[in-house]
Amino acid sequence: HDGERMSDEQVKVFDDVLRRRVLTRLRTENELRRGIEQGELRVVYQPVVELVGGTVTAVEALVRWQHPERGVIGPMDFLPLAEQSGLITSLTSHVLEEALAQSRQWADEGIDLTVAVNVSSRSLLDMTFPDEVKALIERHGVERDRLQLELTERSLIGDLARARDVIGRLHELGVRLSVDDFGTGYSSLSRLVMLPLDELKIDRSFVMDIDSDGPGAAIVRSTIDLGHHLGLEVVAEGVETETTLAELRELGCDAVQGYHLLRPLPADEVGVWLRARAGGRLRA
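K.L.:
Is there a simple way to think about the environment of Val 220 in this case?
P.N.:
For Val 220, the location among the structural elements is in helix α9 (residues 215–229). Put simply, Val 220 and Asp 209 are eleven residues apart on the chain and 9.0 Å apart in space, counted from C-alpha to C-alpha. Here Val 220 is in contact with Ile 202, Phe 206, Val 207, Ile 210, Leu 248 and Leu 251, once residues within four sequence places are set aside.

K.L.:
Even after reading the chapter, I still don't get helix α6 (residues 160–173), so can you show me in this structure?
P.N.:
Since one α-helical turn is 3.6 residues long, residues separated by three or four positions face the same way. Here α6 spans 20 Å end to end across 14 residues, near enough to the 20 Å set by a 1.5 Å rise per residue. For α6, every residue scored as buried is listed here: Leu 160, Ala 163, Val 166, Ile 167, Gly 168, Leu 170 and Leu 173. Backbone geometry just after α6 places Gly 174 at a positive phi near 100 degrees.

K.L.:
What is the right way to look at the packing of aromatic side chains in this model?
P.N.:
Working definition: an aromatic ring pair is given by the centre-to-centre distance plus the angle between the planes. For the structure on display, the rule yields two aromatic pairs. Pairing Tyr 45 with Trp 106 gives two aromatic rings, centres 5.2 Å apart and planes at 70 degrees, and the pair type is edge-to-face. With a gap of 61 residues between them, Tyr 45 in strand β1 (residues 41–50) and Trp 106 in helix α3 (residues 88–108) connect regions that are remote in the sequence. Neither residue differs from the other here; Tyr 45 and Trp 106 are each classed as buried. Considering the side-chain rings of Trp 65 and Phe 78, the 5.8 Å spacing of their centres and the 80 degrees angle between planes classify their relative orientation as edge-to-face. You can see Trp 65 sitting in strand β2 (residues 56–67) and its partner Phe 78 sitting in the loop between β3 (71–73) and α2 (79–85), a full 13 residues away along the chain. Phe 78 carries the same exposure label as Trp 65, and that label is buried.

Analysis parameters
- Residue positions are counted from 1 within each chain, in the order its sequence is given.
- In view of the model being predicted, local features appear only for residues whose pLDDT reaches at least 70, and side-chain atom pairs are presented and counted only at 80 or more, with totals across whole chains, interfaces and linings using the full set of residues.
- By convention in this description, side-chain values take in all heavy atoms of the structure and omit both hydrogens and water.
- Every helix listed is a DSSP run of H or I at least four residues long, and every strand listed is a run of E at least two residues long, numbered separately from the N terminus.
- Pairs of residues are marked as contacts when any of their non-hydrogen atoms sit within 4.5 Å.
- For a helix, the expected span equals 1.5 Å multiplied by the number of residues minus one.
- Classification of residues uses two cut-offs on accessible area relative to the type maximum, computed with a 1.4 Å probe and protein chains only: under 20% is buried, over 50% is exposed, and between them is partly exposed.
- Whether two aromatic rings pair depends on their centres lying within 6.5 Å, for rings of Phe, Tyr and Trp, where Trp uses its six-membered ring; planes under 30 degrees apart make the pair stacked, over 60 edge-to-face, and the rest tilted.

Structure, rendered in structure tokens:
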């Protein structure tokens, strides 16, 4: 600043740092592409439990990357790259395929659950996506309302006209539709009202504030009221304490998920957990 120019050495250091970042990104992108192709992406499941009665009505399918050298990589360390590079499309297809196959297996075992899968903003702008969903549902013989697609609030900020068309076609298929991470995307209420939604999921950052009665607690209360006035079910994510669970029950929240109930686990372990609770009932 103040008219000073970068020295040749400073320029070299900057160029070296930038080059390393670019090379690291390219390497990670190639590894992720290979990982998707070679089955390194693992799907785990976290139950959603009704607060009245304790029935497990759904599980959310979540993805982890089992890297051959770096071990398990969490979603926040690769999903943004997948979005930016366009790999999110094949990743979404992979998770849908796995989740619907698992839903069919659970149904055959007498476990009746809705399986929720996160959908990227790219999928909401892809006019072929509803056809892909329909084909996968038919291939696995799953009841259509046993699939729930979770749309992030941020994904509704862009081309709403096109997204509404895709969402409308998904609704016509009979799948359930949910807005995930509600409260973090700054979308207008009018955008939500015009969509055929079934559920709102309150973001964990607000839910975790309930214990301390922080500002997020007010958002949780108002979101529960808003969702019910719109005729939607309301689910709170990120429930980690008994105090939070009790408060959400008092506020009239419909269902919860979080580490206090069960952390995300492979399908076989979730199945054991469900059967141990006599058909999916949680003692809460």
